[in-house]
Amino acid sequence: MPGWGQLHRWLGLALSLWLVLVSLTGTLLFYKTELLQLKYPQLKLTDIPDQQDAARVFDRFDTGHAFLPRADKPWIEVVDASGTHQYFNAEGKHILSREHMGDWISWFVEFHHHLLLDELGKDIQGYLGLASLLLVVAGLVKWWPQTWSRRLFTIRWAWPWQKNFRATLWQLHRVTGVVLLIPILILLITGTAIMYSAVVSDTLTRLFPQQQQVTSMPDTAPAATDWPARLRVAEQLFPEMDARLVYLDRARIRLKYDDEWHPNGRSYMQFDPVTRALVSWQDIRNQAYGAQLAQMVYPLHVSAIGGVSLLTVLVAGGIALIVLPVSGVWFWVWRQRRRKMA
């Protein structure tokens, strides 16, 4: 089908560099904790701080936000107003400062999220994500065979200096795209949906507006004058949830219930900074089913669920999104050279 073939070719050429860089950074960021510990050995902590250890550190800061320790991030992490990440151990000892854009890991994060362009980069990422989905659809329509055979899924390997290397490139491109289509689509769809999170949430909420009341706001709660007290109140009132993230200047806590996909949780407790009283509470399970579905997009994209199995599948998809543009552009360049020689 010539029209789809041309669309696939020119979209592929236009998006190839972006796809390679975004896929490379995203695939590496699946192992962000390991990369941080490799670059900064002081983060290889054996004793995981508890909530009260973290709370005592939080009391030293008035602005920014902070993450509670957990098994995959065994440290206390505070992000101050300047964007610098401060790390502490269980004794509250400061062990590391990472300035915003101060190392290659931070550059990878900012590029993957915003193309190093802040909110403008997020908008561009959204447009490119939609274009990449059209690229995949065009490629699939172009490839779709009239008859199926085992040959469609075989690759005959040849080195670049050998005569049949052009066929190898074509077969590699075709087989990679088809065999790993599902993880490719998961990464592209969820990645694009993150860029349009508000639209996705509103749309899903309209489609699935059903709600059920799982929890209710407690009638009374003790005042909490500092972070140790606030986290104790959270544990007392909602024992089935774990505090994951705090907003230091707003006296706000994010919590995660046991079966929730989102690694930082999407439920909130809000304390009044003046009276110290608990003034509001939001449980994601009380919201519309559509809103709950929308909060599953990010965890799926970053492999926060599914353990090693899903991680392996998504890493394979990330590698495929590197192989596809490289093999496709290489094949196109090879063919252009052959045409000039003819």
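Before any of the text, the structure's been laid out above.
Residues numbered from 1 in each chain as written. Predicted model: local features only at pLDDT ≥ 70, side-chain atom pairs only at ≥ 80, totals over all residues. Heavy atoms only, no water.

> What exactly am I supposed to notice about helix H5 (residues 118–143) here?
Each α-helix turn comprises 3.6 residues. Residues three or four places apart therefore point the same way. Look at H5: 37 Å from first C-alpha to last across 26 residues, which is about the 38 Å you get at 1.5 Å a residue. Within the sequence span of H5, burial applies to Gly121, Gln125, Gly126, Gly129, Ala131, Ser132, Leu133, Leu135, Val136, Ala138, Gly139 and Trp143. (Helix = DSSP H or I, 4+ residues; strand = E, 2+ residues; numbered from the N terminus. Expected span 1.5 Å × (residues − 1). Buried < 20%, exposed > 50% of the residue type's maximum accessible area, 1.4 Å probe, protein only.)

> In this structure, what is going on with the sheet that holds strand E7 (residues 267–271)? I would like to understand it.
Pairing between the strands of a sheet comes from backbone hydrogen bonds, and it takes one of two forms, parallel or antiparallel. A sheet is described by the order of its strands in space; here eight strands give the open sequence E4-E3-E2-E1-E5-E6-E7-E8, paired in antiparallel fashion. Two strands lie at the open edges of the sheet, namely strand E4 (94–98) and strand E8 (278–282), each paired on one side alone. Going across the sheet, the axis of each strand differs from the next one's by a mean of 20°, ignoring polarity. In this structure, E7 lies alongside E8, joined through four bridges in antiparallel fashion. Paired with Gln270 across the strands is Ser280, a residue of E8. In the packing of helix H3 (residues 51–58) onto the sheet, the strands contacted are strand E1 (65–67), strand E2 (76–79), strand E3 (85–88) and strand E5 (241–247), and the crossing angle to E2 comes to about 30°. (Pairing = 2+ DSSP bridges. Axes fitted to C-alpha atoms, helices over the stretch in contact; angles between N-to-C directions. Contact = heavy atoms within 4.5 Å.)

> Honestly, the side chain of Asp283 in this entry has me stumped. Any pointers?
Within the element layout of this structure, Asp283 appears in the loop between E8 and helix H10 (289–294). Separated by 2.9 Å, the side chain of Asp283 and the backbone nitrogen of Arg285 make a polar contact. In this view, Asp283 contacts Thr215, Met241 and Ser267; residues no more than four positions away in its chain are not counted. (Polar contact = N/O pair within 3.5 Å; in protein donor to acceptor, adjacent residues only side chain to side chain.)

> Whenever I open this one, the pattern of salt bridges confuses me. Can you help?
It is possible for side chains bearing opposite charge to pair when their charged atoms get close. Overall, the coordinates contain five salt bridges when judged by the stated rule. Close ionic contact of Glu240 with Arg285 constitutes a salt bridge, the shortest N to O distance being 3.4 Å. Here Arg285 lies in the loop between E8 and H10 and Glu240 lies in the loop between helix H9 (227–237) and E5, a separation of 45 residues in the sequence. Owing to a relative accessible area of 29%, Glu240 belongs among the partly exposed residues under this scheme. Salt-bridge contacts for Arg285 lead to Asp283; the nearest nitrogen and oxygen are separated by 3.0 Å. Asp283 sits in the buried class, given a relative accessible area of 2%. When salt bridges that share partners are traced, they join Glu240, Asp283 and Arg285 into one network. (Salt bridge = Lys/Arg side-chain N within 4 Å of Asp/Glu carboxyl O.)

> Before we go on, may I ask you to explain unusual backbone geometry in this structure?
Outside of glycine, negative phi angles account for most residues, and trans bonds account for most peptide bonds. Of note in this structure, Asp118 is not a glycine but carries a positive phi near 55°. Tracing the backbone through its elements, the reader meets Asp118 in helix H5. Residue classification places Asp118 among the exposed positions, given a relative accessible area of 55%. Even without a glycine there, the phi angle at Arg276 is positive, about 70°. Relative to the elements of secondary structure, Arg276 occurs in the loop between E7 and E8.

Honestly, it's all geometry; don't read function into it.
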